[in-house]
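# Geometric and topological summary
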Amino acid sequence: MAKASKGQTDQKEQRPEHNGQENSMDRLTHEFQNLLGAVGERALSTVGDKVKGMTGKLTDYAGGGGSGLLSTLTGSGGSLAGGLVKGLGKKAIGGLVKKITGGGGKGGKGGKLKITNIVESIDIGVPIRMVYDQWTQFGDFPKFMKKVENVDQPSDEKLEWKAQIFLSHRTWESTIIEQVPDKRIIWRSKGAKGYVDGIVTFHEITPDLTRVLVTLEYHPKGLFEGTGNLWRAQGRRVRLELKHFRRHIMNHVLLKPDELQGWRGEIRDSKVVKDQETALREEEEAKGSEDEQAEPESPEEEEKGEQGEEEQAEEPEEEEEEEEEEEAEEEEPEKPAAKKPSKRPARRRKTPAQV
């Protein structure tokens with residue numbers, strides 16, 4: 001009994017300590033919850049104060065007490081541009097403007113626009129003359145190029161272009177610096193809203209295969225041109241227009257080659273040094289001289305030819321001699337032909353003795 005009472009006493013002594021630990025954890029948890037609640041209330045009160053302040057500012061703006069909506073929201077008394085710069089960042093806007101316009105936007109230092117270099121080539125399965133002659137027909141470009149609206153040629157070395165750039169329409173003037181038939185065309189341009197300088201060369205790969213190489217320098221001006229320059233849209237457009245050019249030749253020009261009449265003149269230093277009539281006349285003369293000139297014969301053929309000429313020269317003489325002999329025979333009287341002795345031996349007669 002004594003032992004049992006002692007065990008019960010030990011259990012009673014241990015229970016108060018366990019209860020004390022539980023009470024401590026409960027208090028710690030309760031204090032932590034109070035701390036979180038205080039932090040949340042503080043944050044809510046701060047947000048509420050900001051909302052109230054913003055509401056008051058908007059109320060003042062609605063009542064006419066504010067200088068501007070942007071200044072009311074940002075707390076700045078500057079202009080609209082100043083608010084945008086502060087809100088978005090001056091560097092970000094400056095970088096975007098430089099990419100679109102190609103310059104810094106202030107003064108003349110950064111005002112020069114970035115030049116876009118475009119190099120494209122295409123192979124066309126027709127003779128080089130056909131490709132060149134079709135290229136010189138600039139007035140036909142709007143028929144098969146989608147973005148070229150009109151091309152006027154007031155003179156052999158001047159061209160006036162009108163094309164579509166996005167939703168706008170642009171015009172520029174080009175001057176042909178050099179033009180050599182079947183070889184190259186070089187031009188320079190000028191325009192208020194973008195222009196194109198370049199060179200196109202023609203290369204004969206085979207008699208029925210021609211390569212066209214186009215090298216352009218695009219000078220963009222304005223928002224649309226700058227935006228297209230940023231995405232390199234002009235290079236893709238040139239590539240597509242060259243494909244239209246090839247399709248036009250293969251589907252239309254190749255079927256009726258006799259109807260194609262290209263400009264065969266020549267331009268040097270922006271001046272026409274050979275016009276169309278002169279060029280065509282020279283080509284006809286060169287072709288006629290080639291037809292007249294025979295290919296040189298070999299020495300054996302030349303000897304045979306000389307012998308043939310001598311024989312032809314001797315034949316008339318022989319014919320004349322024969323004619324003279326015939327005439328002489330006709331003049332001489334005919335003589336009776338003498339009997340020729342028979343070469344056959346005479347037949348012997350048989351004597352009576354032999355009989």
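Residues numbered from 1 in each chain as written. Predicted model: local features only at pLDDT ≥ 70, side-chain atom pairs only at ≥ 80, totals over all residues. Heavy atoms only, no water.

### Some words on the overall build of the chain
- Of the regular secondary structure elements, the chain holds 10 helices and nine strands.
- For the chain, the share of sequence-separated contacts (at least 6 apart) that also reach a separation of at least 24 residues comes to 48%.
- Carbon and sulfur atoms provide 52% of the accessible area of the chain, an area that totals close to 27000 Å². (Helix = DSSP H or I, 4+ residues; strand = E, 2+ residues; numbered from the N terminus. Contact = heavy atoms within 4.5 Å. Areas by Shrake-Rupley, 256 points an atom, 1.4 Å probe, with all protein chains shown as cover.)

### A word on the pattern of salt bridges
- Here the structure, examined in full by the defined rule, presents 14 salt bridges.
- A single network of salt bridges, built from pairs that share partners, joins R129, D133, D182, R264 and E283. (Salt bridge = Lys/Arg side-chain N within 4 Å of Asp/Glu carboxyl O.)

### So, a nonpolar patch on the surface
- Taken together, the side chains of F32, L35 and L36 define a hydrophobic patch exposed on the protein surface, amounting to about 320 Å² of accessible area.
- The residue L36 is located in helix α1 (residues 2-62) in this model. (Patch = residues over 30% accessible without salt bridge, like charges linked within 9 Å, V, L, I, M, F, W, Y side chains within 5 Å.)

### Section: the pairing of strand β4 (residues 168-180)
- As defined by bridge partners, strand β3 (residues 158-165) adjoins β4 across eight bridges and the pair is classed as antiparallel. Each residue of the ladder has a partner; that of K158, found in β4, is T175.
- Where β4 meets strand β5 (residues 184-190), seven bridges bridge the pair, whose relative direction is antiparallel. Bridged to Q179 within β5 is I185.
- Taken together, β4 and the strand that follows it, β5, pair antiparallel across an intervening segment of three residues, in which D182 is found at a positive phi of about 65°. (Pairing = 2+ DSSP bridges.)

### Points about the nonpolar core
- Among the nonpolar cores identified, the biggest contains 38 residues, and W135, F141, F202 and V212 are the most heavily contacted of them.
- Those residues within four positions of F202 in sequence are excluded, and the remaining contacts are I128, V131, Y132, W135, D182, K183, R184, I185, R211 and V212. (Core = buried A, V, L, I, M, F, W, Y, C linked by side-chain atoms within 4.5 Å. Buried < 20%, exposed > 50% of the residue type's maximum accessible area, 1.4 Å probe, protein only.)

### Here we look at unusual backbone geometry
- Unlike most non-glycine residues, D269 shows phi in positive territory, near 55°.
- According to the relative accessible area criterion, D269 is exposed, its value standing at 65%.

### What to know about the packing of aromatic side chains
- Counted according to the given criterion, the structure contains 10 aromatic pairs.
- For the ring pair W135 and F141, a centre distance of 5.6 Å and an interplane angle of 80° mean the geometry is edge-to-face. With respect to class, W135 is no different from F141; both count as buried.
- An aromatic cluster is present here, built from Y132, W135, F138, F141, F144, W161, W172, F202 and F245 joined pairwise through their rings. (Phe/Tyr/Trp six-rings, centres within 6.5 Å; stacked < 30°, edge-to-face > 60°.)

### Here's the deal with the side chain of E178
- If you trace the backbone, E178 turns up in strand β4.
- Reaching out from E178, the side chain makes a polar contact with the side chain of R184 at a distance of 2.9 Å.
- A distance of 3.0 Å separates the side chain of E178 from the side chain of R268, its partner in a polar contact.
- Not counting the four nearest positions on each side in its chain, E178 is found in contact with R184, I185, I186, I267 and R268. (Polar contact = N/O pair within 3.5 Å; in protein donor to acceptor, adjacent residues only side chain to side chain.)

### Topic: helix α8 (residues 233-253)
- Under the 1.5 Å per step criterion, the end-to-end length of α8 is 29 Å for 21 residues, consistent within 8% with the ideal 30 Å.
- Taken residue by residue, α8 has Q234, G235, V238, E241, L242, H244, F245, H248, I249 and V253 as its buried positions. (Expected span 1.5 Å × (residues − 1).)

### Examining the packing of helix α5 (residues 128-135) against α8
- Taken N-terminus to C-terminus, the directions of α5 and α8 make an angle of 115°; their axes are 11 Å apart at the nearest point. When the axes of α5 and α8 are compared, the pair comes out roughly perpendicular. Like other packed secondary-structure pairs, α5 and α8 cross with a definite hand, here right-handed. Packed against α5, whose contacting residues are M130, V131, Q134 and W135, the element α8 presents L242, F245, H248, I249 and V253 at the interface.
- Broken down by class, the residue content of the contact of α5 with α8 amounts to seven nonpolar, two polar and no charged. (Axes fitted to C-alpha atoms, helices over the stretch in contact; angles between N-to-C directions. Parallel < 35°, antiparallel > 145°, perpendicular 65-115°, else oblique. Left-handed = near helix turned anticlockwise from the far one by under 90°. Nonpolar A, V, L, I, M, F, W, Y, C, P; charged D, E, K, R; others polar.)

### A closer look at the pairing of strand β6 (residues 195-206)
- Looking at chain direction, β5 and β6 are connected through four bridges and run antiparallel. Among the inter-strand pairings, I186 is bridged to a residue of β6, identified as I199.
- Counted between consecutive antiparallel strands, the loop separating β5 from β6 contains four residues, among which G194 sits at a positive phi close to 90°.
- As defined by bridge partners, β6 adjoins strand β7 (residues 209-219) across 11 bridges and the pair is classed as antiparallel. Its bridge partner lying in β7, F202 is registered against V212.
- Counting the residues in the hairpin turn of β6 and β7 gives two residues.

### Some words on the environment of G198
- Residue position: G198 is located in strand β6.
- Along the chain, G198 and I186 lie 12 residues apart, while their C-alpha atoms are 6.1 Å from each other.
- Residues within four places of G198 in sequence aside, it is in contact with I185, I186, W187, R188, T215 and L216.

### Some details on the confidence of the model for the chain
- Averaged over all residues, the pLDDT of the chain is 74; the fraction at 70 or higher stands at 53%.
- Predicted confidence is poor over residues 104-110, with pLDDT under 50, and the contacts of this stretch with residues over four places away or in other chains come to five contacts.
- In this model, residues 351-355 is a region of pLDDT below 50 whose contacts with residues beyond four sequence positions or in other chains number two contacts. (pLDDT = per-residue confidence, 0-100.)

### Notes on the environment of L213
- Relative to the assigned elements, L213 resides in strand β7.
- Here L213 falls in the partly exposed class, since its relative accessible area comes to 32%.
- In sequence terms L213 and F202 are 11 residues apart; their C-alpha atoms lie 6.6 Å from each other.

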